[in-house]
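Survey of secondary and tertiary structure
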Amino acid sequence: MLKYILRRIAYAIPIALSVSVVCFMLVHIAPGDPIDAIVPPDTPKDVVEQVRKDYGLDKPLPIQYAVWLGHVLQGDLGRSIATRRPVAGDLILAARKTFVLALTAAMFGFAIGIFLGSLAAFFKGTWIDRLAVSFAVGGVSVPHYWLGMVMVIFFSVLMNVFPAMGAGPGDWQWDWQHIQYLILPALTLSCTPIGLLTRTVRGIVSEILNQDFVTTLRGKGLRNRTMMLHVVKNAAPTILAVMGLQLGYLMGGSILVETIFSWPGTGSMLNAAIFRRDIPVIQGATLVLAMFFVMLNLIVDIMQTMIDPRIVRK
Amino acid sequence: MSTASTTSPDISGASASGPKKQQGYWAGVGSRVRRDKITLICGGILLVMFLLIVFAPWIAPYDPLQGSMARRLKPVGWQGHLLGTDELGRDMLTRLMYGGRYSWFVGITPVTIAFAIGGSLGILAGFVGGKVNMLIMRATDVFYAFPSVLLAVAISGALGPGIFNAILSMTLVFIPPLIRVSESVTTSVRNLDYVESARATGASAFTIVRVHVLPNVMGPIFVYATTLISVSMILASGLSFLGLGVKPPTPEWGMMLNTLRTAIYSQPLLATLPGICIFVTSLCFNLLSDGLRGAMDVRN
Amino acid sequence: MMTPQTLVRARNLNVKFVSRDATVHAVNGVDFDLAEREVLCILGESGSGKSVTLRAIMGLNPRAKTVMSGELKLCGEDVIAASEARMSALRGRQASMIFQEPMTALDPVFTIGRQIAETIVRHEGVSYKAAMARALELLELVQIPSAKRRLEAYPHELSGGLRQRAMIAIALSCRPKLLLADEPTTALDATVQIQILLLLRRLQQELGMGVIFVTHDLGVAGEIADRIAVMYAGRFVEEGPVRDVMRAPLHPYAQGLLGATVHAGLRGKRLTTIPGAPPDLRDLPTRCAFAPRCPMVENACRSAVPELRGPEPGRAARCIHVAQAAQAA
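Quick caveat, the model's predicted, so the values are computed rather than measured.

Focus on the pattern of salt bridges
Applying the stated criterion across every chain yields a total of 26 salt bridges over all chains. In this structure, A:Arg310 and A:Asp308 form a salt bridge, with 3.0 Å as the shortest nitrogen-oxygen distance. Of the two residues examined, A:Arg310 and A:Asp308, each falls in the buried class. Measuring nitrogen to oxygen at the nearest pair gives 2.6 Å for the salt bridge that ties C:Arg63 to C:Glu84. Taken together, the positions of C:Arg63 in the loop between α1 (50-58) and β4 (66-74) and C:Glu84 in helix α2 (residues 84-90) put the pair 21 residues apart, joining distant regions of the chain. Note on C:Glu84: relative accessible area 28%, which makes it partly exposed. Salt bridges sharing common partners tie together A:Arg218, C:Arg63, C:Glu84 and C:Arg91.

Now the structure itself:
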């Protein structure tokens with residue numbers, strides 16, 4: 001099994017490198033001279049040429065990539081055109097806030113989704129099932145930027161129970177003063193994982209319940225508690241995979257919800273950068289979020305291997 | 001021995017129907033859809049919306065770009081404006097009808113292009129196998145390493161705003177999943193006994209693809225593509241919400257939602273109208289593709 | 001009244017599966033008794049209702065869709081009326097079941113040892129460790145080589161034959177009085193089939209179990225059974241001691257089955273087939289169900305379902321051509 005895990009890690013390296021290539025290319029697909037994407041428009045000519053040299057932009061693309069990758073590996077993601085500050089520092093602060101939001105939304109969404117999905121599977125074909133399925137379709141169909149606005153209208157404007165914007169004063173802390181800011185965006189963001197988890201859990205659990213071995217388990221006279229353990233362990237690899245993907249999507253896809261709630265995370269940072277065409281920020285944020293996603297997938301893969309004995313054999 | 005692979009798409013539509021049974025199979029699908037009330041209702045709603053947005057220039061009550069400062073942010077049902085007016089005094093109903101043209105176009109086009117490109121690449125990878133498969137699937141893996149919204153936003157953000165760039169970036173996002181689905185469907189069909197026997201009787205690769213593979217893989221790939229439309233509609237409006245789609249004053253649902261955000265305090269219902277349009281469209285497409293998938297699943 | 005030695009008693013047992021579209025009459029009036037240490041073989045083709053009968057005894061048919069009527073007793077417990085909790089206490093303890101396909105009948109993500117031990121823990125309340133020790137003994141009992149290592153193995157790591165042995169070990173883990181076997185050799189290679197059959201016969205004798213063995217293979221039935229029941233369209237159409245039924249079947253369907261089977265002593269004779277297909281159980285005929293395929297059919301066959309007739313004690317068949325002996329049981 002250790003060998004398999006090492007092989008998975010080895011396989012993730014070329015993926016990570018390819019991801020960095022795609023991020024590197026973002027500067028080059030932007031219209032115009034890539035140097036314009038790195039320095040502000042009012043920079044003196046000699047400084048521009050100096051930067052061009054530093055980044056190796058006068059050299060062929062592969063060499064440029066190597067130079068850029070060297071910078072990235074040392075934690076240098078370039079400077080923001082708008083603020084002139086290093087991208088990496090701001091990004092870490094923002095990523096922490098996004099992580100708080102994404103993780104909360106994910107945990108809430110997973111709990112509700114798994115609950116509804118199992119309920120639907122055990123009562124398949126009844127009104128409980130139909131209700132859970134409708135809820136799930138709603139969850140995956142709703143544009144969450146719209147849902148966010150509706151939340152603000154109800155809970156901030158009409159009822160005035162939760163603040164509509166920001167993440168509270170100063171650094172993030174797990175106290176009510178800050179958590180009250182988290183509730184609406186996290187609820188909004190959780191609708192997709194609720195929908196997807198409900199669908200997935202319902203599908204996999206009802207599939208497992210239809211398998212022959214469940215008849216064997218009943219035939220052994222096992223109590224429901226013990227049977228549940230079998231269902232959970234069989235369903236876990238699939239559900240874990242979906243949960244991993246979802247957490248990654250929430251991290252990388254929170255831009256719209258962060259924009260609605262002015263949540264000061266990577267999404268708001270990206271939004272501002274898009275507005276100002278601040279390409280180094282777009283590039284840096286994309287790279288960090290995508291790398292997080294690659295890591296997350298790797299962890300899920302390894303966890304699956306530990307649960308399902310059949311994977312190693314493949 | 002394969003592990004539980006329920007996350008992979010449902011390909012049952014492919015495996016059970018031999019090439020000779022196509023007519024009967026599709027007739028069966030048709031009759032199952034006709035009995036499915038929810039699917040029919042969703043199809044009906046989408047058809048009405050489609051007609052409204054296509055014929056907008058002839059049936060819309062006002063000019064979508066002509067506003068009036070005196071009639072700003074009037075509520076739903078206000079004097080001759082069935083759905084009120086927006087922040088520049090333009091008729092909401094008119095703008096929603098015109099806006100739908102862009103939302104639908106930017107939502108559906110990327111899926112259609114990705115269906116053609118991703119479908120072909122996936123079928124190629126699945127049918128040829130070997131090195132070609134390796135190459136295509138590894139490239140797909142790279143794009144799978146990005147969360148889809150992030151990839152679309154990043155590419156679109158780098159390219160700059162505009163409908164063309166939005167469609168381009170979304171197409172890039174939807175090609176990889178379509179490749180994966182069509183590859184797995186094609187691989188499973190390729191290994192079926194009757195394809196093997198066609199190969200054994202000396203049929204050419206082209207004949208096998210045309211007669212035995214295509215008719216059996218197109219259905220499942222198509223159904224999968226329809227499930228993407230709902231995601232695509234949300235993403236398309238999302239991009240233009242971020243200012244990456246159409247340019248003002250052109251109406252588009254996502255952008256209208258953004259510009260009306262300032263009005264959520266004074267006219268909450270009005271401000272959410274474009275979002276309701278996106279929600280209804282995406283919900284109907286979702287339910288429609290669910291119904292279609294159910295009807296095409298031979299096991300039922 | 002039932003004698004204490006009767007493990008299973010069925011009287012006019014009916015099992016229907018009800019869904020919105022159709023009602024399937026899977027079992028339609030089955031009567032039989034199974035004594036301790038007795039081996040009954042239910043013989044029939046797929047869809048004849050033999051597996052459903054077996055599952056009915058354990059109360060394992062899907063609860064929501066199944067309607068049972070008549071009388072069915074398992075070790076004195078009324079299966080039709082019993083709660084799920086009462087049945088679950090019987091299952092695995094008094095009666096166990098083994099299945100056709102051990103690959104799918106075993107949980108793929110739990111070790112063999114664990115799957116045996118959990119049954120013991122459930123019914124005997126011993127510690128997990130003690131149960132694991134018992135599991136090892138059981139694997140040795142079913143002759144799995146290097147049993148200690150196999151305790152930690154997952155189902156996919158074993159061969160088909162070993163998997164079926166492991167399945168048997170699970171079934172025997174609480175020394176049940178009754179073993180229900182649902183085509184346990186069908187999915188195996190021919191050489192492995194014989195081994196499993198010999199193992200089952202030996203264990204049946206050593207442990208003194210009653211066995212109901214469902215199969216469509218006459219050869220298997222002859223190998224293991226004391227008594228044979230031939231099932232067709234949800235009814236026992238013939239019942240009798242194995243030797244008598246094999247030598248001189250009474251019912252035309254049983255005769256047809258024997259004629260369509262290859263076995264020693266048939267050299268030079270022509271194999272026969274039974275024309276046609278079994279009836280649709282959604283629309284149960286009110287005549288002899290075999291009449292459309294029967295070479296000896298006459299008008300009387302189409303008027304009503306034939307009663308069981310017994311030409312001699314212990315034998316019976318549902319066919320009007322069978323003579324009714326005066327002293328029939």
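Digging into the interface of chain A and chain B
With 52 residues of chain A at the contact, the number on the chain B side is 46 residues. Summed over both partners, the interface of chain A with chain B buries about 4300 Å², with 75% contributed by carbon and sulfur atoms. Ranking the residues of chain A by area buried against chain B places A:Tyr145, A:Trp146 and A:Met149 at the top, with a combined share of 15%. At the surface where chain A touches chain B, the tally comes to one salt bridge. In this structure, A:Arg199 and B:Asp290 form a salt bridge, with 3.2 Å as the shortest nitrogen-oxygen distance. Sorting the residues of the side of chain A that touches chain B by element identifies α1 (2-29), α6 (127-141), α7 (144-158), α9 (191-209), α11 (224-252), α12 (255-261), α13 (266-276) and α14 (279-307) of chain A as the ones contributing at least two each. If you tally residues by element for the side of chain A that touches chain B, the top one is α1(A), at eight residues. A per-class count over the side of chain A that touches chain B returns 35 nonpolar, 10 polar and seven charged.

Thoughts on the sheet that holds β4(C)
Residue and element names in this part refer to chain C. The antiparallel open sheet is built from four strands, whose spatial order is β2-β1-β4-β5. Looking at strand neighbours, the two that pair on one side only are β2 (23-35) and β5 (77-78), the edges of this open sheet. Where strand β1 (residues 6-18) lies against β4, eight bridges are found, and the strand directions are antiparallel. By the bridge assignment for β4, Lys16 is matched with Val67.

Focus on the side chain of A:Ser20
Here A:Ser20 is to be found in helix α1. The contacts of A:Ser20, once residues within four sequence positions are left out, are A:Tyr65, A:Trp68, A:Leu69, A:Leu287 and A:Met291.

Section: the layout of surface pockets
Each pocket or cavity is described by its volume, and for the second largest pocket that value is around 1400 Å³. Taken together, 36 residues form the lining of the second largest pocket, with A:Leu209, A:Asn210, A:Arg218, C:Pro62 and C:Arg63 sitting closest to its centre. Of the residues contributing to the lining of the second largest pocket, the split by class is 17 nonpolar, 10 polar and nine charged.

A look at the nonpolar core
Core analysis: the largest hydrophobic core is formed by 150 residues, its most contacted members being A:Val19, A:Trp68, A:Tyr145, B:Trp104, B:Phe174 and B:Trp253. Considering every element that reaches this core, the biggest residue donor is helix α10 (residues 205-241) of chain B, with 14 residues. Core analysis: the second largest hydrophobic core is formed by 101 residues, C:Ile42, C:Ala135, C:Leu151 and C:Ile170 among them.

What about the confidence of the model for chain C?
For chain C, the mean per-residue pLDDT works out to 85, and 93% of the residues sit at or above 70. Among the prediction metrics, the complex's ipTM stands at 0.87, with pTM recorded as 0.84.

Things to note about unusual backbone geometry
Cis rather than trans, the peptide bond between B:Pro248 and B:Pro249 has omega equal to 5°. Residue placement: B:Pro249 occurs in the loop between α10 and α11 (253-259). A positive phi angle, near 50°, is found at A:Ser262, a position not held by glycine. Note that A:Ser262 resides in the loop between α12 and α13. Look at A:Ser262 and you get partly exposed, because its relative accessible area is 32%. The backbone of C:Asn12 shows a phi angle near 45°, a positive value even though the residue is not glycine. You can see C:Asn12 is positioned in strand β1.

How each quantity is defined
- Residues numbered from 1 in each chain as written.
- Chains lettered and ligands numbered in written order.
- Predicted model: local features only at pLDDT ≥ 70, side-chain atom pairs only at ≥ 80, totals over all residues.
- Heavy atoms only, no water.
- Salt bridge = Lys/Arg side-chain N within 4 Å of Asp/Glu carboxyl O.
- Buried < 20%, exposed > 50% of the residue type's maximum accessible area, 1.4 Å probe, protein only.
- Helix = DSSP H or I, 4+ residues; strand = E, 2+ residues; numbered from the N terminus.
- Contact = heavy atoms within 4.5 Å.
- Buried area = accessible area lost by both parts, 1.4 Å probe.
- Nonpolar A, V, L, I, M, F, W, Y, C, P; charged D, E, K, R; others polar.
- Pairing = 2+ DSSP bridges.
- 1 Å grid on protein atoms, 1.4 Å probe; cavity = no way out; pocket = protein on both sides within 12 Å on 5 of 7 lines; lining within 4 Å.
- Points joined across faces, edges and corners; volume = space filled by probe spheres on them.
- Core = buried A, V, L, I, M, F, W, Y, C linked by side-chain atoms within 4.5 Å.
- pLDDT = per-residue confidence, 0-100.

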